[in-house]
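Summary of the model geometry
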Amino acid sequence: MLSEVVAAIAGGMVTGGITIFGESAKTLVSGKRARNRDLLGKWNCVWHVEGHENEPIKDHVLISSIAGEEVVAYGKNTAVGNYKLTGKLSNSYLMTFIYGGEDRRIALGGVVILELNATRDVLKGHWWQYDENRNFCGGTTVWEKA
């Protein structure tokens with residue numbers, strides 16, 4: 001009888017702990033965090049601007065965490081400023097982000113939708129944002145794992 005009570009209390013504590021710590025604990029316990037570990041790290045990015053014949057924008061994005069579907073990343077670009085990306089990775093390997101500028105580029109904001117290739121080392125897709133004049137601009141983008 002005592003062992004059943006102890007087992008029930010321990011089970012409640014584990015269940016409660018998962019609820020308290022949220023999605024990160026669930027993904028850690030279920031092993032989903034390790035499943036996408038290969039996507040963490042630096043990605044070299046090329047951004048083509050639709051309607052402009054100039055050189056594409058080149059920078060890099062550091063994917064810092066993936067917990068279940070939740071993704072956090074940071075873009076580094078010395079010419080136009082840094083930016084933070086938050087988004088989701090779906091079961092069909094579509095990665096969607098909302099991003100916003102940091103420091104002097106705080107008004108920068110936009111969206112990105114990317115498809116992960118079968119070898120999991122290239123993301124291709126589209127991006128759109130407001131420019132400094134509050135006009136929409138965007139185009140295609142390719143990210144390659146560094």
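In this report, the structure presented in the accompanying data block is examined.

About the cut-offs
Residues numbered from 1 in each chain as written. Predicted model: local features only at pLDDT ≥ 70, side-chain atom pairs only at ≥ 80, totals over all residues. Heavy atoms only, no water. Helix = DSSP H or I, 4+ residues; strand = E, 2+ residues; numbered from the N terminus. Buried < 20%, exposed > 50% of the residue type's maximum accessible area, 1.4 Å probe, protein only. Areas by Shrake-Rupley, 256 points an atom, 1.4 Å probe, with all protein chains shown as cover. Contact = heavy atoms within 4.5 Å. Pairing = 2+ DSSP bridges.

**Overview of the overall build of the chain**
Within the chain, the secondary structure is distributed over two helices and eight strands. The order of helices and strands in the chain, counted from the N terminus, is α-α-β-β-β-β-β-β-β-β. Expressed as a percentage of its 146 residues, the buried residues of the chain come to 31%. Summed over all atoms, the accessible surface of the chain reaches about 9200 Å², with 60% contributed by carbon and sulfur.

**Comments concerning the environment of Val46**
Checked against the element boundaries, Val46 lands in strand E1 (residues 41-47). According to the relative accessible area criterion, Val46 is partly exposed, its value standing at 24%. Each C-alpha atom, one on Val46 and one on Ile57, is 5.7 Å from the other, the two residues being eleven residues apart in sequence. Here Val46 is in contact with Pro56, Ile57, Lys58, Thr140, Thr141 and Val142, once residues within four sequence places are set aside.

**Quick notes on the pairing of strand E4 (residues 83-89)**
Along E4, the buried face is formed by Tyr83, Leu85, Gly87 and Leu89; none of Lys84, Thr86 and Lys88, which line the opposite face, is buried. Here six bridges tie strand E3 (residues 70-76) to E4, and the two strands are oriented antiparallel to one another. Among the inter-strand pairings, Val72 is bridged to a residue of E4, identified as Thr86. What sits between the antiparallel neighbours E3 and E4 is a turn of six residues, in which Gly81 has the positive phi angle 105°. Pairing of E4 with strand E5 (residues 94-101), which is carried by seven bridges, proceeds in the antiparallel orientation. Bridge assignment links Thr86 to a residue of E5, and that residue is Ile98. What sits between E4 and E5 in their antiparallel hairpin is a turn of four residues, with Tyr93 showing a positive phi close to 60°.

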